[in-house]
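# Reading the structure
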Amino acid sequence: EGIQILVRRGVGGFCVFWGGLVETPRMISELQKIAATPLLFCSDFEHGLAMRLQNGTAFPHALAMGMNPQSRTKAIASAIATESRSIGIMWNLAPVCDINSNKYNPVINIRSFGNNIGIVNARSADYIEGTQAERVLATAKHFPGHGDTETDSHQSLPVLNHSAERIREFELAPFENAIARGVKSIMVGHLAVPSITGDQTPASLSYSIVTDLLRDDLGFGGLIVTDALDMKAITDNYPEEVAALMALEAGNDVLLLPPNPALAIDVLAKKFENSPRIKAQALESVSRIFAEKSWCGLREDSFEYMFRQDY
């Protein structure tokens, strides 16, 4: 019932974390039927649907793809996208474009394609191409680079302690490559980058990272999405209404998994009323989101076809 209320309030989509190959498409179909505009569903299917769902094909982790010189990354990504699309999920929050340069990293490690720029560039490009060939959005994450940290942002705030010059030469390289390859979305991570921001503000909440660096300096015109806002790197340091406003003001198009979505809607709606500049920015975000929904085939007249099977 709570999810249906969010749909009726105009939420643009949902992130899927559990379920099976029967329950999930049934749920998606029911929610699409009551939505005024098509919903965009996403999930973390880095190595297949089995990463989040009870069923689905499990593929090798990214590190295994990167270690194999005859990697079939593009074919694997295409297969994941095809399976994802078949259940109504058109946005895969993958690939990981972080370089696995710190052996003590507790959260990236085998999710990365490797420990050098060349491997990560090549394999992430293959993954993006294979995904988007099936009209499923790919996502380069975790901008500006979560590889050389020793903290899990699910638990606390990591800090990337490198100079701005080193970050631009090393950490940013796979993201610039992803942009050049036409990646549809980029996820900004919850990590502090003091050499760029000048403080401990998480990248996901920082205007200097999201807008100045990613949108303007790197020229990325696609969807910018925060990492999940219910992670402790955010919730332990910011009240949820403050985090939602900061994420919006930073320039993100999509705020992923706020702890209390209804509260976030209320806070953002009030901001739109009081700030014409932020309202105009939000309308630009809506335009980008609608464009990507259309690109992957989410149209008001498409659901009778997409979900015609009686699950």
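So, a few notes on the structure that sits alongside this text.

## Digging into helix 12 (residues 261–274)
- Taking 1.5 Å per residue as the helical rise, helix 12 with its 14 residues ought to reach 20 Å, and the 20 Å between its terminal C-alpha atoms agrees with that figure.
- Of the residues making up helix 12, those classed as buried are A264, V267 and L268. Across the axial projection of helix 12, the buried residues extend over an arc of 95°, all falling on one side. Along helix 12, the residues that are exposed and aim more than 90 degrees away from the buried face are K270 and E273.
- Buried-residue contacts for helix 12 involve helix 11 (240–250).

## Focus on the pattern of salt bridges
- What the rule picks out here adds up to 16 salt bridges.
- Linking E46 and K141 is a salt bridge whose minimum nitrogen-to-oxygen distance equals 2.8 Å. Here K141 lies in strand 4 (residues 139–143) and E46 lies in the loop between strand 2 (40–43) and helix 3 (62–67), a separation of 95 residues in the sequence.
- The exposure class assigned to E46 is buried, which follows from its relative accessible area of 8%.
- Here the salt bridges do not stand alone but share partners, grouping D44, E46, R52, R111 and K141 into one network.

## Considerations on the state of the cysteines
- Within this structure, the stated rule accounts for zero disulfides.
- The thiol of C42 is unpaired, and the distance to the nearest cysteine sulfur, on C15, comes to 3.8 Å.
- A relative accessible area of 3% places C42 in the buried class.
- Considering cysteine sulfurs only, C42 is the nearest to C296, which forms no disulfide, with 11 Å between them.

Definitions and cut-offs
- Residues numbered from 1 in each chain as written.
- Predicted model: local features only at pLDDT ≥ 70, side-chain atom pairs only at ≥ 80, totals over all residues.
- Heavy atoms only, no water.
- Helix = DSSP H or I, 4+ residues; strand = E, 2+ residues; numbered from the N terminus.
- Expected span 1.5 Å × (residues − 1).
- Buried < 20%, exposed > 50% of the residue type's maximum accessible area, 1.4 Å probe, protein only.
- Arc of directions from axis to C-beta.
- Contact = heavy atoms within 4.5 Å.
- Salt bridge = Lys/Arg side-chain N within 4 Å of Asp/Glu carboxyl O.
- Disulfide = S-S within 2.5 Å.

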